[in-house]
Amino acid sequence: GEISYPEVALQMQQASALVLFSRYENFPCVMIEALCCGLPVIAADTGGIQEAVNEKNGILVQSENEEQLTAALDRMMNEYDRFDRKVIADTASRLFSYEAIGKQFYDLYNEVIENKVS
């Protein structure tokens, strides 16, 4: 069933990792939410996912490649200690928080306004 956003965060904080094995995802919010909660991510390398998931915060696999997914799950379990949940959360929050995204829009709008005035 449906749960509130704060409950989603609590559920994620109690999890060990997020697995997002999708064919078509582009840059899903759930991935960013998981990273902000400090979860390492296993995700299919589709759309813009590779822009957020890297060796420090997760493992990328080819879309629909179940052998790679199985290997990634094994690797996650065997190498879990190499993921620093605090660093994952801090990095994601610095990049994807409302404040960070808001500042990017603010800076972009100011740049457009300055170029239009010039």
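One can find the structure itself at the top, above this paragraph.
Residues numbered from 1 in each chain as written. Predicted model: local features only at pLDDT ≥ 70, side-chain atom pairs only at ≥ 80, totals over all residues. Heavy atoms only, no water.

Colleague: Describe the layout of surface pockets, with residues and values.
Modeller: There is about 610 Å³ of room inside the largest pocket. For the lining of the largest pocket, the elements supplying multiple residues, two or more each, are helix 1 (5–14), helix 2 (29–36), helix 4 (85–96) and helix 5 (98–117). When residues of the lining of the largest pocket are assigned to their parent elements, the largest contribution, six residues, is made by helix 1. When grouped by side-chain class, the residues that make up the lining of the largest pocket number 16 nonpolar, four polar and one charged. Quantified by volume, the second largest pocket comes out at close to 190 Å³. In terms of lining residues, the second largest pocket is bounded by 14 residues, among which A52, N54, N57, T91 and L95 are the most central. Considering every element that reaches the lining of the second largest pocket, the biggest residue donor is helix 4, with six residues. In the lining of the second largest pocket, the residues fall into eight nonpolar, four polar and two charged. (1 Å grid on protein atoms, 1.4 Å probe; cavity = no way out; pocket = protein on both sides within 12 Å on 5 of 7 lines; lining within 4 Å. Points joined across faces, edges and corners; volume = space filled by probe spheres on them. Helix = DSSP H or I, 4+ residues; strand = E, 2+ residues; numbered from the N terminus. Nonpolar A, V, L, I, M, F, W, Y, C, P; charged D, E, K, R; others polar.)

Colleague: Outline the state of the cysteines, supporting the account with residue identities and numerical values.
Modeller: Under the defined criterion, the tally for this structure stands at zero disulfides. Of the cysteine sulfurs around C36, a residue in no disulfide, the closest is that of C37, at 7.1 Å. For C36, a relative accessible area of 27% translates into the label partly exposed. The buried category is assigned to C37, whose relative accessible area is 18%. (Disulfide = S-S within 2.5 Å. Buried < 20%, exposed > 50% of the residue type's maximum accessible area, 1.4 Å probe, protein only.)

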